[in-house]
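Understanding the architecture of this molecule
One-letter residues, chain by chain:
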Amino acid sequence: MKKVALHNLGCKVNAYEMEAMQQLLEERGYEIVPFSEDADVYIVNTCTVTNMADRKSRQMLHRAKKRNPNAVIVAAGCYVQGKGGQADSCIDIIVGNNRKKEIADILAQYEKEKERKVFDARLDIDRACEYEELHLTHTAEHTRAYIKVQDGCNQFCSYCIIPFVRGRVRSRSLESVENEVKKLAENGYKEVVLTGIHLSSYGMDLDKSTDSLLTLISRIHEVDGIERIRLGSLEPGIITEEFAVKLGSLPKICPHFHLSLQSGCNATLKRMNRRYTAEEYYEKCCLLRKHFKNPALTTDVIVGFPGETAEEFEESKNFIDKADFYETHIFKYSKREGTKAAGMEHQVLEEIKNERSAILLELGRKKRELYENALIGTVQQVLIEEEEPCQDGLYGIGHTREYVKIRQKYDGNQLNQIINVEIESHLQIMH
């Protein structure tokens with residue numbers, strides 16, 4: 001029995017694909033061991049969303065090679081999809097996006113050939129129009145399951161490399177998603193999270209009259225055993241009155257919405273090719289707050305985008321202050337070769353990016369504290385996901401419907417159960 005060690009980098013879609021590859025390998029008789037141990041095969045599912053992601057991908061590949069120089073080193077995912085055979089000399093096998101379901105066969109073929117050369121298993125994903133079917137019956141998390149329903153992106157934001165390494169939009173069939181959710185429910189999962197590279201585009205390549213993200217959500221809502229449904233990152237454009245009203249009528253939908261912003265300045269948004277204005281974005285926030293009581297709205301913001309002046313940054317900061325997000329994830333602009341923004345004039349100095357990032361991080365901290373303080377004195381439904389024994393007793397740890405992490409002393413035997421918790425102090429809230 002050969003030993004395989006796996007390490008994932010990047011987004012929830014990557015994590016889903018890594019777990020699906022692990023299940024495929026287990027079915028073929030491989031023994032899965034921790035990445036820190038000796039193995040015959042090391043698989044790194046790489047990421048390329050930023051320069052730091054590239055660096056981490058290379059580091060993990062070299063770490064595996066150093067641990068066992070005779071092991072087969074497999075690099076999968078976005079970093080090598082873009083870089084290919086030029087990615088790194090320590091790589092034996094490249095598995096591009098849309099070929100991960102073939103991982104066991106690719107390993108078998110490599111072993112047969114014996115010759116030590118880079119085995120490049122990539123497809124031209126720009127021409128790959130079919131969704132790659134991967135399936136899960138269980139996940140590393142025992143209470144919540146992330147489900148990939150869509151791949152690819154057609155947006156081509158000027159800073160983003162992802163459309164070049166993930167290809168065009170490809171949606172999973174309604175039936176396939178529904179069947180996986182039913183299987184997960186049978187295996188005891190209470191909560192599912194719908195994820196995709198560009199989740200809002202789900203269904204645009206299917207029958208537009210019958211297949212949409214709203215239809216998919218409605219179908220999943222009918223699955224017995226599933227008590228909570230969360231949505232991954234959404235584009236503001238999908239939030240219409242009809243969409244918000246429908247979601248608000250579905251009791252299993254968690255009032256936790258991640259709406260990607262990137263900037264609160266219209267001039268910057270235009271250079272980013274984001275296709276909405278700050279005013280339009282704010283209207284979407286208001287729609288969600290109209291149909292959900294105190295929803296947790298979270299977002300992403302890029303600081304230091306090419307051409308971002310002090311005035312533009314101030315405009316963006318003021319908008320973020322006005323929008324009152326629960327959490328704001330701050331990213332310093334990272335130049336990605338091959339994107340339009342990489343060739344733009346007036347690249348912002350790194351020290352200015354650091355200053356602006358620190359300002360928004362502090363603003364985000366204050367906003368998060370305000371949201372959490374409003375929970376004190378309320379009773380929240382918490383899905384218990386883990387137990388923590390302490391000197392003063394047993395604690396259950398889980399998330400509210402708004403995805404606020406709570407630590408609560410309790411009697412046990414409530415793992416994977418939803419319990420009512422009174423939030424008496426900020427000490428119960430974890431980060």
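If you're wondering where the values come from, they're calculated on a predicted model, not measured in any experiment.

Once that is clear, we can look at helix α4 (residues 103-113). Within α4, burial applies to Ile103, Ala104, Ile106, Leu107 and Tyr110. Taken down its axis, α4 places every buried residue within 165 degrees of arc, on the same side.

Counting across every chain of the model gives zero disulfides. No disulfide involves Cys78; its sulfur sits 6.3 Å from the nearest other cysteine sulfur, which is in Cys47. Cys78 sits in the buried class, given a relative accessible area of 6%.

Before going further, it helps to examine the nonpolar core. Judged by nonpolar contacts, the single largest core of 51 residues is most densely connected at Leu194, Leu213, Leu216, Leu234, Leu247 and Phe257. What Leu194 contacts, discounting residues up to four positions off in sequence, is Ile147, Val149, Leu199, Leu216, Ile217, Ile220, Arg230, Leu231 and Gly232.

As a further point, take unusual backbone geometry. We note that Asp324 has phi near 55 degrees; this positive angle belongs to a residue other than glycine. With respect to the secondary-structure elements, Asp324 resides in the loop between α11 (310-323) and β13 (327-332). On the basis of relative accessible area, Asp324 is assigned to the partly exposed category, the value being 39%. With phi around 60 degrees, His346 is a residue other than glycine that occupies positive phi space.

Glancing now at helix α12 (residues 350-373). Look at α12: 34 Å from first C-alpha to last across 24 residues, which is about the 34 Å you get at 1.5 Å a residue. Regarding α12, the residues found buried are Lys353, Arg356, Ser357, Leu360, Leu363, Gly364, Lys367, Tyr371 and Glu372. Buried-residue contacts for α12 involve β12 (296-303), α11, β13 and β18 (429-430).

Here the structure, examined in full by the defined rule, presents 10 aromatic pairs. Seen from their ring centres, Tyr281 and Phe319 are 5.9 Å apart, and the 70 degrees between their planes marks the pair as edge-to-face. Taken as a pair, Tyr281 in helix α10 (residues 278-291) and Phe319 in helix α11 lie far apart in primary sequence, 38 residues in all. Phe319 sits in the buried class, given a relative accessible area of 7%. On the numbers, 5.5 Å between centres and 80 degrees between planes, the contact of Phe305 with Tyr333 is edge-to-face. Pair noted here: Phe305 is in the loop between β12 and α11 and Tyr333 is in the loop between β13 and α12, with a separation of 28 residues, a long-range link. Residues Phe305 and Tyr333 agree in their burial class; the two are buried. Taking the ring centre of Tyr282 as reference, the NZ or CZ of Lys322 above it sits at 4.2 Å. One cation-aromatic arrangement involves Arg407 over Tyr395; the distance from NZ or CZ to the ring centre is 3.9 Å.

Another point: the sheet that holds β13. The pairing of strands in a sheet comes from backbone hydrogen bonds and takes either a parallel or an antiparallel form. If you trace the three strands from one edge of the open sheet to the other, you get β11-β12-β13, paired in parallel fashion. On the outer flanks of this sheet lie β11 (256-258) and β13, each paired with one strand and no other. The sheet shows a mean angle of 15 degrees between the axes of neighbouring strands, taken without regard to direction. Two elements, β12 and β13, share six bridges in a ladder whose sense is parallel. The partner of Asp300 across the bridge, within β13, is His329.

Once that is clear, we can look at a negative patch on the surface. A cluster of acidic side chains, namely Glu279, Glu280, Glu283 and Glu315, defines a negative patch on the protein surface. Relative to the assigned elements, Glu279 resides in helix α10. By relative accessible area, Glu279 is classed as partly exposed at 48%.

Cut-off values and rules
Residues numbered from 1 in each chain as written. Predicted model: local features only at pLDDT ≥ 70, side-chain atom pairs only at ≥ 80, totals over all residues. Heavy atoms only, no water. Buried < 20%, exposed > 50% of the residue type's maximum accessible area, 1.4 Å probe, protein only. Helix = DSSP H or I, 4+ residues; strand = E, 2+ residues; numbered from the N terminus. Arc of directions from axis to C-beta. Disulfide = S-S within 2.5 Å. Core = buried A, V, L, I, M, F, W, Y, C linked by side-chain atoms within 4.5 Å. Contact = heavy atoms within 4.5 Å. Expected span 1.5 Å × (residues − 1). Phe/Tyr/Trp six-rings, centres within 6.5 Å; stacked < 30°, edge-to-face > 60°. Lys NZ or Arg CZ within 6 Å of the ring centre and 35° of its normal. Pairing = 2+ DSSP bridges. Axes fitted to C-alpha atoms, helices over the stretch in contact; angles between N-to-C directions. Patch = residues over 30% accessible without salt bridge, like charges linked within 9 Å, V, L, I, M, F, W, Y side chains within 5 Å. Areas by Shrake-Rupley, 256 points an atom, 1.4 Å probe, with all protein chains shown as cover. Salt bridge = Lys/Arg side-chain N within 4 Å of Asp/Glu carboxyl O. Lys, Arg positive; Asp, Glu negative; His and termini not counted. Charge placed at Lys NZ, Arg CZ, Asp CG, Glu CD.

What is shown is where atoms sit, not what they do.
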